[in-house]
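Now for the letters of each chain:
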Amino acid sequence: MPEQKPPTEAPATPTAPTAPEARESPEVATPEVAPHIAAEATPGAVPRATPEAAPEVTAAEIARLAGVGRAAVSNWRRRHADFPRPVGGTETSPSFALAEVTDWLRAQGKLAEVPLRERVWQYVSSHPGGSVAALVKAGSALLLVRDRPREWLEAAAVSDERMATLLAPALDRVLALRFGPAHPLGATAPLPAASVPFLRAAAELAAELGTRGAFEFLLGRHLEANPRQYTLTPDGLALLMAALAAPAAGASTGAAGAAPFTVLDPACGTGTLLRALPGATTRYAQDSSPELASLAALRLALQSDAPVRAAAADSLRADAFARPAAEPVDAVLCHPPFNERNWGHEELAYDPRWEYGLPARAESELAWVQHALAHLREGGTAVLLMPPAAAARRSGRRIRADLLRRGALRAVVALPAGAAPPYGIPLHLWVLRRPSPQVAPPSGLLLVDTAALADGPGQGPGPGRAGWAAVHSAVEEAWTAYERGGPAPDVADVPGVRRVVPVVDLLDDDVDLTPARHLPPPAAGGGLAELTAVRDRLDSTLTRAARLTPPAPPAPPADAKDRPAAAPARLPLTTVGELARAGALLLYTGTGSGAGRAPVLTEYDVSAGTGPSGTLAAAVEQPLLTAPGDVVVPLTGGAGVARVVDAATAGAALGRGLQLLRPDPAALDPWFLAGFLRATANNRRASSHASTTTRLDVRRLELPRLPRTEQEVYGARFRALAEFEDALRLAARLGEQLVQGLYDGLSDGTVRPE
């Protein structure tokens, strides 16, 4: 969802195509709204608002607008007496009036036009009521644009003062129509005329991205700017949970003629899980945070025409969709809060939801499990993300036993570490079904362990792109086979991955449902044949590494020790920043987001020399893709790494924390560039240090000024070193695999010590 940052040296932001979801949604207002907005504001200009509502920007945001680093903004403040004065913030982090900044940048020739997305985002980030209040206002206006375009056009055709008067009742009508009379957004307060330019700009952004795309962009920027305030469910995990809960393809895809399908998320957050089931006929969302409940409701309403019912209250203490006020639902998806001791143990002791036993104070997750089951119709499915301790804690063994005996718990899936926050823990999925008296429960519990299917770190801390695809496929395949078996499921065992365990075998003193404890171990190292293949591959790799070993530097003359060492020849130097200003290369910053399905090249991939393994985060912009000859540099860590993109890496999206240098082939050899960027002293001079990290300023990195022919001589030597390094890395990985496989084989008896 975060915005794709524009090229550092290119002032104009590439125009993003209309998002696919915007084309699929009934965005009837988009073609008609733009002319009315254009009559009110000049494209690229910053609308003038009253002082209390004027957008403000920080130094970092000024740098983003101008396409420079933050150090450049600091230099402008020192060197230019006419640079705008701070209007807010703190002494160490001042903020400036956006209108004054853009006027100054334009007068200095440093800015041709403020991109529309940046203008709208600055309104959001500097809103007096906070970013969430601005998002709610923008989302409400976008919903009016989407659902009642004529009403919006009539309001947009008048002055700002008159429009502010017309909008409040119009917004109330559209919100009541989509969310019912009681919803978390409440009645719309009278709008000041100063907020109208913001809403006009948001509607103008909808003309570019669609109403859904515009809101997703703004919400994504908000979440990116406040990463520690929210616990987000990754999109890939949400799709897997939706696939397990959906009774048929029609429900998950919204196919015409599909049976009615209702779904609830009692801890909805920003609505990611409910968005994964766009074909649901009604979606119920509840969250203890009024802000999150409001954002989720708007996000869902902008996705489809299906009714949305949302509530802001603690689901355990104040269930907004309890029977008989609400009908039971077909599915529940939930990523509940973990390890909460103050969940209501005392006041809810006699609650009728505890059909399987009163959860202990330390078992809040089992309270959420029973809350989900209480809202299901008979035969309905619930999928919950759970901490691994919930499968084994002794305080919950009686409830787990009753869930098994009565056939409510159908599957426990162990995910690889990094699948969702907290990223250091391999979380579990519990798949439950409300028992029906007419249907015999299955005789066994499906246990799946996907830890071995992840292929290394991908985007962020999660599993890589290829690894997650394997996880999703394996889990869905196992669940489909289990469902097909009915009361006597017949799912083929896969050692170390899946097995159906008879319920009677699990009902011991501990009722430990951790999958790894009940799965047959996989063959050591993949089996003896695999170990032999690894050994052979290691031999050939070591032989290749020996062949690629660089020659030793020539020995000094015999009499050199009697003479003082001569200083090395000093070559004329330039910096990456100077080369960028001269047009010899372009600089891009990665975000790992965008439209499409391109794999993501991550910091781990660059440092480890592996292929792209990350998963693209959803966003409306096209991602920045790598091309052969690009040079990619990690911005944190201080390790001195630079990687030249080859055919195997080309076409990947650039991940977060990476800088891409795209040299002009006529001016710079990419291997020459990458080689000098790796120099230890070079990285030390260009790095700054925070309390826990080291950050690289790529623009300060130096390299010699040499003709193209001399660059190629250096480049050939640097390329040979890179090939030698790749061979050593591969040998290390194969050696670790062989050693661990032999340890495992000797331990389980598949390999004899003779």
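Our subject is the structure that appears above.
The paragraphs below set out a description of the structure included in this document. Source: prediction; values computed, not measured.

What about the packing of helix H10 (residues 196–209) against helix H11 (residues 211–225)?
Point 1. Packing of H10 against H11 brings their axes to within 7 Å, and their N-to-C directions diverge by 115 degrees. Taken together, the axes of H10 and H11 lie roughly perpendicular to each other. At the point where H10 passes H11, the crossing takes the right-handed sense. Residues Leu205, Ala206 and Leu209 of H10 form the contact with H11, whose participating residues are Thr211, Gly213, Ala214, Phe217 and Leu218.
Point 2. Split by residue class, the contact of H10 with H11 holds 6 nonpolar, 2 polar and no charged.

Some points on the pattern of salt bridges
Point 1. Enumeration over the complete set of coordinates arrives at 34 salt bridges.
Point 2. What emerges from the salt-bridge pattern is a single network uniting Arg146, Asp147, Arg178 and Asp305.

Comments concerning the packing of helix H23 (residues 670–677) against helix H25 (residues 708–748)
Helix-helix packing is described using two parameters, namely the angle between the two axes and the distance between the axes.
Point 1. Taken N-terminus to C-terminus, the directions of H23 and H25 make an angle of 65 degrees; their axes are 7 Å apart at the nearest point. By the angle between their directions, the pair H23 and H25 is classed as roughly perpendicular. Pair H23 / H25 crosses with left-handed handedness. Of the residues in H25, those in contact with Trp671, Phe672, Gly675 and Phe676 of H23 are Gln711, Tyr714, Gly715, Phe718, Arg719 and Ala722.
Point 2. Taken together, the residues that form the contact of H23 with H25 break down as 6 nonpolar, 3 polar and 1 charged.

Topic: the sheet that holds strand E21 (residues 658–663)
Point 1. Across the sheet, which stays open at both edges, the 4 strands sit in the order E14-E21-E18-E19 with antiparallel pairing between neighbours. Because the sheet does not close on itself, it has two edges, and the strands there are strand E14 (585–589) and strand E19 (643–644).
Point 2. Alignment of E14 against E21, held across 5 bridges, turns out to be antiparallel. Within the sheet, the bridge partner assigned to Leu585 lies in E21 and is Pro663.
Point 3. The sheet strands contacting H23 are E14, strand E18 (631–634), E19 and E21, and the helix crosses E18 at an angle near 15 degrees.

Structural notes on the side chain of Ser687
Point 1. By secondary structure assignment, the location of Ser687 is in strand E22 (residues 687–689).
Point 2. Judged by relative accessible area, which is 13%, Ser687 ranks as buried.

Considerations on empty space enclosed by the protein
Point 1. Within the structure shown, the criterion is met by 3 cavities of 30 Å³ or more.
Point 2. By volume, the second largest cavity amounts to about 50 Å³.
Point 3. As for the second largest cavity, its lining consists of Leu264, Tyr284, Phe321, Arg323, Ala326, Glu327, Pro328, Val329 and His375.
Point 4. Grouping the amino acids of the lining of the second largest cavity by side-chain chemistry returns 6 nonpolar, 1 polar and 2 charged.

Cut-offs applied
Residues numbered from 1 in each chain as written. Predicted model: local features only at pLDDT ≥ 70, side-chain atom pairs only at ≥ 80, totals over all residues. Heavy atoms only, no water. Axes fitted to C-alpha atoms, helices over the stretch in contact; angles between N-to-C directions. Helix = DSSP H or I, 4+ residues; strand = E, 2+ residues; numbered from the N terminus. Parallel < 35°, antiparallel > 145°, perpendicular 65-115°, else oblique. Left-handed = near helix turned anticlockwise from the far one by under 90°. Contact = heavy atoms within 4.5 Å. Nonpolar A, V, L, I, M, F, W, Y, C, P; charged D, E, K, R; others polar. Salt bridge = Lys/Arg side-chain N within 4 Å of Asp/Glu carboxyl O. Pairing = 2+ DSSP bridges. Buried < 20%, exposed > 50% of the residue type's maximum accessible area, 1.4 Å probe, protein only. 1 Å grid on protein atoms, 1.4 Å probe; cavity = no way out; pocket = protein on both sides within 12 Å on 5 of 7 lines; lining within 4 Å. Points joined across faces, edges and corners; volume = space filled by probe spheres on them.

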